[in-house]
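What follows is each chain in one-letter form.
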Amino acid sequence: MLRKFSNSRTLGDNIKLGTLTAFSAGMVNVVSLLLFLSFSSNVTGYYAILAAEIVKGNWYQTAIVFAWIFLFFFGGFVANFMVIHFNKQNKYFAHSLPVSLEILCMLAVGFYGDFFYQETLFETEILLALMLFAMGLQNGLTASISNFAVKTTHLTGTTTDLGVLFSMFTKEEFRSNPVLKGRAWLLGSIMLSYVAGAIVAGIAYFHIGFKLFYVISLFLVVVIGYDAYKIRLVRYHWNSSRKKYHRARTNDKHQRLVGAPAPDLEEERTAC
Amino acid sequence: MMKRLSAIYIGVFALTLMGFTWMIRSVTNPEQLIIGEWKETGWVYERLNKVGDEEKVNLQGNRHGNLVLHKAEIWSFLPKGRLQLQKSGGRDETIGWAIKGRGNILEIKYNNGHKEQYDLSQLVADRMVLNFELDTQVKGLAKLTFERL
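Residues numbered from 1 in each chain as written. Chains lettered and ligands numbered in written order. Predicted model: local features only at pLDDT ≥ 70, side-chain atom pairs only at ≥ 80, totals over all residues. Heavy atoms only, no water.

1. Concerning the overall build of chain A
Secondary structure summary: chain A contains ten helices and zero strands in total. If you list the helices and strands of chain A from N to C, you get α-α-α-α-α-α-α-α-α-α. Within the span of chain A, comprising 272 residues, buried residues form 44% of the whole. Pairs at least 24 residues apart make up 72% of the contacts formed inside chain A by residues separated by at least 6 positions. (Helix = DSSP H or I, 4+ residues; strand = E, 2+ residues; numbered from the N terminus. Buried < 20%, exposed > 50% of the residue type's maximum accessible area, 1.4 Å probe, protein only. Contact = heavy atoms within 4.5 Å.)

The following block contains the structure:
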């Protein structure tokens, strides 16, 4: 999911990354709406709200909305900054660092909400800011490593693209195109996963409240852990096949040094 | 080149942060502005499904079990999220309040756990306007207007 970059990614890699991150984004968005009465995984609406607050002259709200939009932007900036600057040292590390930061944000929100939240406006705004930054990180990372194919925190573009794709499928030439079919599968799975995450969060919130953020973190740990497991598996296979190869070479050498050919050479020498 | 670029980036981010801090500090936080006594001066249904629905809405509003109609009350917003409602019959009730969202939603929590959310459409020194979405069947917005005492 996270190891491969840009065009080296398969459709399967993108679907796995897309569904898991979209599920967590759906959960984050619904839980923020239920807890803080504001969305946290999309900023399109906030641009309209920003304009409306400026027109009304509500400068406090203007500043807050501006800060939230900026934090979403900054999340995207930080994620891609990490990807492009640490990619050469270790691709997996560079790609998993933004997800790790996102997990930290989610854990911070969950922990603070669970033990200290007094429902003051300042706390609400800070917690929402952390969630918007985390969603910016997630969207920035998925877009960056998938060559802008996977965006999971909002569904405006996904819905538009699906509409376009389904209209294309009215023609046989596009219907049989495997790239377009793959794209439709990817977008469809992102959309369904986002909605599923939102429904699960909506139900779970009434039972576990702020603890839901630990569940979201767990999903993100799966995103990181899946690749760590894969890397270990690849390393294990690589090491075992290298060992096998070395063992075979050593046996071969040993046979050559002390094995069968020696008496023949002896015979040849005596014959001469 | 790299140093210059870093300076530009850091400068832009620092300016953004400073601008935000200046904006936040120069205006009053709605949580502080709301503290005090407010007298309810108006209670109207602002939006209806169709003309002539006023009667239906009033009937449904009165019948609705969870809906608490606040009319001609004095609302005293106290620090630490306490709200004292002085009803017209002279009965007092202390409940909880919190401002959520970007400072645009007033949440009122009754002692039985029931919550109401109002859109804080206007909050200035002497006037407060709340909009309350009744429910999905009625689809009307009740507008409550307050003046500071």
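2. Focus on the UniProt feature "transmembrane region" (unreviewed entry) in chain A
Residues and elements named next belong to chain A. This chain's UniProt record puts "transmembrane region" (unreviewed entry) on residues 59-84, 96-115, 127-150, 184-206 and 212-229. The straight-line gap between the two end C-alpha atoms of residues 59-84 is 37 Å; of that span, 100% is helix and 0% is strand. Summarising residues 184-206: 100% helix, 0% strand, and an end-to-end C-alpha distance of 34 Å. (UniProt positions renumbered as here; feature names shortened; annotations may be inferred.)

3. With respect to the interface of chain B and chain A
Contacts between chain B and chain A engage 22 residues on the former and 28 residues on the latter. Considering only the side of chain B, the residues that lose the most area to chain A are Phe13(B), Lys100(B) and Arg102(B), jointly responsible for 32% of the buried surface there. Counting every contact that joins chain B to chain A gives three salt bridges. For the pair chain B and chain A, the interface holds seven residue pairs in polar contact (both at pLDDT 80 or more). Taken together, the elements giving at least two residues each to the side of chain B that touches chain A come down to α1 (2-26), α2 (30-33), β4 (92-100) and β5 (105-109) of chain B. Element by element, the count of residues in the side of chain B that touches chain A is highest for α1(B), at six residues. Taken together, the residues of the side of chain B that touches chain A break down into ten nonpolar, seven polar and five charged. (Buried area = accessible area lost by both parts, 1.4 Å probe. Salt bridge = Lys/Arg side-chain N within 4 Å of Asp/Glu carboxyl O. Polar contact = N/O pair within 3.5 Å; in protein donor to acceptor, adjacent residues only side chain to side chain. Nonpolar A, V, L, I, M, F, W, Y, C, P; charged D, E, K, R; others polar.)

4. Re the pairing of strand β6 (residues 115-123) of chain B
All names here are of chain B. Note: β5 against β6, five bridges, orientation antiparallel. Bridging across to β6, glutamate 107 finds its partner in glutamine 117. Linking β5 to β6, which pair antiparallel, is a turn of five residues; within it glycine 113 sits at a positive phi near 95°. (Pairing = 2+ DSSP bridges.)

5. So, the pattern of salt bridges
On inspection of all chains with the given rule, the structure shows eight salt bridges over all chains. Residues Glu119(A) and Lys109(B) are paired through a salt bridge, measuring 2.9 Å at the closest nitrogen-oxygen approach. Within this pair, whereas Glu119(A) is found in the loop between α4 (91-115) and α5 (121-145), its partner Lys109(B) is found in strand β5, the two belonging to separate chains. Residues Lys171(A) and Glu173(A) are paired through a salt bridge, measuring 3.6 Å at the closest nitrogen-oxygen approach. Exposure remark for Lys171(A): the relative accessible area of 45% places this residue in the partly exposed category. By relative accessible area, Glu173(A) is classed as exposed at 51%.

6. Here we look at the environment of Arg148(B)
All names here are of chain B. Following the sequence through the fold, arginine 148 ends up in strand β8 (residues 141-148). Sequence spacing of arginine 148 and lysine 39 is 109 residues, and the spatial spacing of their C-alpha atoms is 6.2 Å. The residues contacting arginine 148, other than those within four sequence positions of it, are Leu33, Ile35, Gly36, Glu37, Trp38, Ala125 and Asp126. A polar side-chain atom of arginine 148 sits 2.5 Å from the main-chain carbonyl oxygen of alanine 125.

7. A few points about the UniProt feature "transmembrane region" (unreviewed entry) in chain B
Within this numbering scheme, the UniProt entry marks residues 7-24 of chain B as carrying the feature "transmembrane region" (unreviewed entry). Structurally, residues 7-24 of chain B is divided into 100% helix and 0% strand, and its ends, taken at the C-alpha atoms, are 26 Å apart.

8. Some thoughts on the packing of aromatic side chains
Within the structure shown, the criterion is met by 29 aromatic pairs over all chains. Aromatic ring contacts, followed pair by pair, group Phe70(A), Phe73(A), Phe74(A), Phe77(A), Phe81(A), Phe133(A), Tyr9(B) and Phe13(B) into a single cluster. (Phe/Tyr/Trp six-rings, centres within 6.5 Å; stacked < 30°, edge-to-face > 60°.)

9. Here's the deal with a positive patch on the surface
Together, Arg242(A), Lys243(A), Lys244(A) and Arg247(A) line one region of the surface with positive charge. The exposure class assigned to Arg247(A) is exposed, which follows from its relative accessible area of 52%. (Patch = residues over 30% accessible without salt bridge, like charges linked within 9 Å, V, L, I, M, F, W, Y side chains within 5 Å. Areas by Shrake-Rupley, 256 points an atom, 1.4 Å probe, with all protein chains shown as cover. Lys, Arg positive; Asp, Glu negative; His and termini not counted. Charge placed at Lys NZ, Arg CZ, Asp CG, Glu CD.)

10. Things to note about a nonpolar patch on the surface
A surface patch of nonpolar side chains, amounting to about 420 Å² of accessible area, comprises Phe111(A), Tyr112(A), Phe115(A) and Phe116(A). Turning to its location among the elements, Phe111(A) is positioned in helix α4.

11. Quick look at the nonpolar core
In this structure, Trp75(B) and Leu106(B) are the most contacted members of the largest nonpolar core, which totals 84 residues. Considering every element that reaches this core, the biggest residue donor is α5(A), with twelve residues. Formed by six residues, the second largest nonpolar core is a distinct cluster that contains Leu165(A), Phe169(A), Leu180(A) and Leu187(A). (Core = buried A, V, L, I, M, F, W, Y, C linked by side-chain atoms within 4.5 Å.)

12. Observations regarding the pairing of strand β2 (residues 74-78) of chain B
Residues and elements named next belong to chain B. Judged by how many residues are buried, β2 sits mostly within the fold: four of five residues are covered. Summarising the sheet, β2 and strand β3 (residues 82-86) pair through five bridges and their orientation is antiparallel. Directly across from tryptophan 75, in β3, lies its bridge partner leucine 85. Here β2 hands over to β3 after three residues, with lysine 80 in that stretch at a positive phi of 60°.

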